[in-house]
Amino acid sequence: MPTALLSVYDKAGIVECASGLHAAGWRLVSSGGTAKAIAAAGIEVTDIADLTGLPAILDHRVVTLHPRVHGGLLADPTNPTHQADMAAHGIEAIDLVVVNLYPFEGNPSIELIDIGGPAMVRAAAKNHAHVGVVVNPSDYQAVLEEIRAAGMLSASTRRRLARDAFTTIAAYDVAIANWFDQPTQPSDLPAGLHLSMERAQTLRYGENPHQQGARYRIAGARSWWDSAVQHNGKELSYLNLYDTEAAWRLVNRFTDPACVIVKHANPCGVAVAADAVEAYVWANACDPVSAFGGIVAVNRPVTEALARELAPVFTEVVVAPSFHPGALEVFAAKSNLRVIEAEPPVGGTLDMRAIDGGLLVQQPDTVNLDRSTWRVVTRRQPTAAEWADIEFGWQVCAAVSSNAIVFVKDGQAFGIGAGQQNRLDSARIAERRAGGRAAGG
């Protein structure tokens, strides 16, 4: 009779998993709350203390750390030496381990550093030629279906599950290491930066069509991209994501209805207005040539009226909190337009850029709008309207690559000069694009 060891912190789906294994003729071994939940459902289960001959000790810190557990997980049943050791010490093979870990990231503390769970997961994953290991409740159903059909898990499934298990352990250890490396002062960077990344999305291509591209997510981190819904258009490319991220971050800095248009990671139009339609019209008017083929982000639902304003202009991506049905109907006629519904950015992560052999790391760029920390260097103090434009322009300028010059008036960017080797050239570009529209009067 094959044996499954079940020991989980997250009990979601575990009773159904246990029931399916029991019905398939498997013996179940468990401990603590997991064993209680299984037994309460009327399913026969052996307590792990009966397997080891020892109760849980040290406030439950030691439960599964025992040769009869780890011998059962690590034994190669085809190896005569292993067979002899198992017979001599009364060790029975364990064929499947279902484990998930203490939720360390949710509430970091010494007591939530799991020891027994990772040890079992690593042992089972190492011995995946003979043992299956399940660390994600989303795998329960597929595992049960395969066991019902074939009696055991295939070698390819065990290998896939082992890979997921080691990935989970790596991310868990990274979270603990990062906790220990937290800076003592909020203004400091951590002593070490430990990353565990998982591919979250395969892209249409990289920066150029001959390059492959993908989006990777820091394991355990939240991202607005993961909940985003694409309603229309082709698959996203590397630059689509890069520019959309820049546009979505900037537009969400504004509380009033706002629109941001980005091209090659730099804003080429930004405006706040009484409504999203007006904000788009003003943003597009800043630099309609550069807006062609750009990314449009608005921080309000896209109505049919706004969609009709957008439709005549070739646009790669439109991103917004939501879209009215009429707007989606308008966009459906534009097969190349990618329409993305998104939640606000999560933020808070460090900014990183790859260099040879490592990363350049800095704290996220934040815009300080506390006027008490600003210094007026002109003889005349700004008026209330000028203060509002200064704050608006400062937020736009922070999103423009240096050297950055932005001409603004009444909540609208009229000229943006970006990425030049000197500020004079940036100013000339901004002045030429503004064409005198931002002049006082």
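This text gives an overview of the structure that appears in the document. The model shown is predicted, which means the values in this text are computed figures rather than measured ones.

## Brief notes about the state of the cysteines
Then, number 1: The tally for this structure, following the rule as stated, stands at zero disulfides.
Then, number 2: You can see Cys268 has no disulfide; the closest cysteine sulfur is in Cys286, sitting 7.2 Å from it.
Then, number 3: Owing to a relative accessible area of 6%, Cys268 belongs among the buried residues under this scheme.
Then, number 4: Among the cysteines around Cys397, which has no disulfide bond, Cys286 carries the closest sulfur, lying 13 Å off.

## Re the environment of Gly25
Then, number 1: Within the secondary structure, Gly25 is located in the loop between helix H1 (14–23) and strand E2 (27–30).
Then, number 2: Residue class for Gly25 comes out partly exposed when judged on its relative accessible area of 34%.
Then, number 3: The spatial distance from the C-alpha of Gly25 to the C-alpha of Ile261 is 61 Å, given a sequence separation of 236 residues.
Then, number 4: Filtering out sequence-adjacent residues up to four positions away, Gly25 remains in contact with Met1 and Pro2.

## Points about the packing of helix H4 (residues 67–74) against helix H6 (residues 116–126)
Then, number 1: Remark: H4 packs on H6, axes separated minimally by 8 Å, with the N-to-C direction vectors making an angle of 25°. Of the possible angle classes, the one that applies to H4 and H6 is roughly parallel. Counting all contacts with H4, which are made through Val69, His70, Leu73 and Leu74, the residues of H6 involved are Ala119, Met120, Ala123, Ala124 and Lys126.
Then, number 2: Taken together, the residues of the contact of H4 with H6 break down into seven nonpolar, one polar and one charged.

## Looking at helix H16 (residues 423–434)
An α-helical turn contains 3.6 residues, so a residue and the one three or four places further along point in the same direction.
Then, number 1: Compared with the 16 Å implied by 1.5 Å per residue over twelve residues, the 16 Å span of H16 between its first and last C-alpha is a close match.
Then, number 2: Those residues of H16 that sit buried are Ser426, Ile429, Ala430 and Ala434. Axial view of H16: buried residues confined to an arc of 130°, hence all on one face. Opposite its buried face, H16 presents the exposed residues Leu424 and Arg432, each directed more than 90 degrees away.
Then, number 3: Those residues of H16 that are buried lie in contact with strand E16 (405–409) and strand E17 (412–417).
Then, number 4: The opening residue of H16, the one whose side-chain oxygen lies 3.1 Å from the backbone nitrogen of Leu424, is Asn422.

Conventions we followed
- Residues numbered from 1 in each chain as written.
- Predicted model: local features only at pLDDT ≥ 70, side-chain atom pairs only at ≥ 80, totals over all residues.
- Heavy atoms only, no water.
- Disulfide = S-S within 2.5 Å.
- Buried < 20%, exposed > 50% of the residue type's maximum accessible area, 1.4 Å probe, protein only.
- Helix = DSSP H or I, 4+ residues; strand = E, 2+ residues; numbered from the N terminus.
- Contact = heavy atoms within 4.5 Å.
- Axes fitted to C-alpha atoms, helices over the stretch in contact; angles between N-to-C directions.
- Parallel < 35°, antiparallel > 145°, perpendicular 65-115°, else oblique.
- Nonpolar A, V, L, I, M, F, W, Y, C, P; charged D, E, K, R; others polar.
- Expected span 1.5 Å × (residues − 1).
- Arc of directions from axis to C-beta.
- Polar contact = N/O pair within 3.5 Å; in protein donor to acceptor, adjacent residues only side chain to side chain.

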